[in-house]
Amino acid sequence: MSTLDQATLLARVERVRDRIAAAGGDPDRVVLLAVTKGFGPEVARAAAEAGLVDLGENYAQELVAKAPVLAEAGHAVRWHAIGRLQRNKVRALAPIVHLWQTVDRVELGAEIARRAPGARVLAQVNVSDEPQKGGCDPAEAPRLVGELGELGLDVQGLMTVGRTGDPRAAAEGFARLRRLADDLDLPVRSMGMSGDLDVAVAEGATMVRVGAALFGPRPGVPERPRAPR
Ligand SMILES: *Cc1c(COP(=O)(O)O)cnc(C)c1O
């Protein structure tokens, strides 16, 4: 897919909003974060033209390349950093990122605080007990959130990636993230992707991060192998 047909995209946006509503969420309140990783700037532009204002990217290089294209086209989008992040990438991203969603250690938070004082962040928590997934241990989350706050960062909530495989298997982890966020008095819960957003919304997601269900299969990113179902 070289260009994304706008009618198709609008229909998919509607479909995702319908799924949010069917799962018991308010489609006007659950933030739909459009994940444009792997696609060129034209897809990010199509997303903006479809009225999606929150866009997510995993890779610093892609974010740095796409942001100016959208800015020049006059789209005031909010960029979210949702990939595993190395400290040496923070500087280049600092002027671009609206919300840093994958802060899983205080060292990374310190670098963000240095380059973008007061930045909005989410603490990423691994609630799936899958060691290959990013995020701090749930037991560490309260301390991490406290330390990020002490760095002057604006900690808005928690983010997680659901357990791979049957979406129903992710529910328990999502519920755990919700309880953690409630305990810490944090309003934002970023959880749920194309395959498991229904479960995530049912468990209280305030933001879902959706790529494939909006844009189709990704051309540019090798998919991580999925666990057999
Ligand atoms: C790629 C990615 C998404 C979007 O995944 P889809 O399955 O395409 O919806 C969401 N969150 C994170 C952290 C991702 O890396």
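For the structure, check the block above.
Because the structure is a prediction, the values reported are computed rather than measured. (Residues numbered from 1 in each chain as written. Predicted model: local features only at pLDDT ≥ 70, side-chain atom pairs only at ≥ 80, totals over all residues. Heavy atoms only, no water.)

Colleague: If you had to explain the overall build of the protein chain to someone new, which residues and values would you point to?
Modeller: Secondary structure summary: the protein chain contains nine helices and eight strands in total. For a compact globule of 229 residues, the expected C-alpha radius of gyration is about 17 Å, and the protein chain comes in at 17 Å, within 12% of that figure. Projected onto its principal axes, the C-alpha positions of the protein chain cover 45 × 40 × 35 Å. Relative to its 229 residues, the protein chain shows a buried fraction of 51%. In the protein chain, of all internal contacts separated by at least 6 residues, the share reaching a separation of at least 24 is 59%. Of the roughly 11,000 Å² that the protein chain leaves accessible, carbon and sulfur atoms contribute 48%. (Helix = DSSP H or I, 4+ residues; strand = E, 2+ residues; numbered from the N terminus. Rg over C-alpha atoms; globule rule 2.2 N^0.38 Å. Buried < 20%, exposed > 50% of the residue type's maximum accessible area, 1.4 Å probe, protein only. Contact = heavy atoms within 4.5 Å. Areas by Shrake-Rupley, 256 points an atom, 1.4 Å probe, with all protein chains shown as cover.)

Colleague: Explain the side chain of Lys-133 to me, using residue names and the numbers behind them.
Modeller: Relative to the helices and strands, Lys-133 is located in the loop between strand E5 (120-124) and helix H6 (141-150). Among the polar contacts made by the side chain of Lys-133, one reaches the main-chain carbonyl oxygen of Gly-162 at a distance of 3.2 Å. Reaching out from Lys-133, the side chain makes a polar contact with the side chain of Thr-164 at a distance of 2.7 Å. When near neighbours in sequence (up to four residues on either side) are disregarded, Lys-133 contacts Arg-84, Asn-126, Ser-128, Val-161, Gly-162, Arg-163 and Thr-164. (Polar contact = N/O pair within 3.5 Å; in protein donor to acceptor, adjacent residues only side chain to side chain.)

Colleague: Give a description of the side chain of Gln-124 that names residues and reports values.
Modeller: Secondary-structure assignment places Gln-124 in strand E5. Residues contacting Gln-124, with those up to four places away along its chain left out, are Gln-101, Thr-102, Val-103, Asp-104, Gly-134, Gly-135, Cys-136, Met-159 and Val-161.

Colleague: Go over the site of the ligand with me, naming the residues and quoting the values.
Modeller: Neighbouring residues of the ligand: Val-35, Lys-37, Asn-58, Ile-82, Met-159, Met-193, Ser-194, Arg-209, Val-210, Gly-211, Ala-212 and Arg-218. In this structure, an oxygen atom belonging to the ligand sits 2.8 Å away from a side-chain N or O atom of Lys-37. Gly-211 is positioned such that a nitrogen or oxygen atom in its backbone is 2.8 Å from an oxygen atom of the ligand. Here the ligand, which alone exposes 390 Å², has 90% of that area covered by the protein. A breakdown of the residues in the shell around the ligand according to their chemical character gives six nonpolar, three polar and three charged. (Near = heavy atom within 4 Å. Nonpolar A, V, L, I, M, F, W, Y, C, P; charged D, E, K, R; others polar.)

Colleague: Break down helix H7 (residues 171-183) for me, with residues and values.
Modeller: The terminal C-alpha atoms of H7 lie 18 Å apart, and with 13 residues this matches the ideal 18 Å at 1.5 Å per residue to within 8%. All of the buried residues in H7 are Ala-171, Gly-173, Phe-174, Ala-175, Leu-177, Leu-180 and Ala-181. Packed against the buried residues of H7 are H6, strand E6 (154-159), strand E7 (188-190) and helix H8 (197-202). (Expected span 1.5 Å × (residues − 1).)

Colleague: Describe the pairing of strand E2 (residues 54-57), with residues and values.
Modeller: The two faces of the sheet receive side chains in turn, since in a regular strand these alternate between them. Residues Asp-54 and Gly-56 point to one face of E2 and Leu-55 and Glu-57 to the other, with burial holding for every one of them. The sheet contact formed by strand E1 (residues 31-35) and E2 spans two bridges and is parallel. Each bridged residue has a counterpart across the sheet, and for Ala-34 the counterpart in E2 is Leu-55. Relative to strand E3 (residues 78-81), E2 is paired through four bridges, and the arrangement is parallel. Following the sheet pairing, Leu-55 is matched in E3 by Trp-79. Each parallel crossover has a hand, and for E2 linked through helix H3 (residues 60-72) to E3 it is right-handed. (Pairing = 2+ DSSP bridges. Right-handed = clockwise from strand over helix to strand, strands pointing away.)

Colleague: Can you lay out helix H5 (residues 106-115) for me, pointing to particular residues and giving the numbers?
Modeller: Of all the residues in H5, the buried ones are Leu-108, Gly-109, Glu-111, Ile-112 and Ala-113. Buried residues in H5 make contact with helix H4 (90-93), strand E4 (97-103), E5 and H6.

The values are spatial; any link to function lies outside them.
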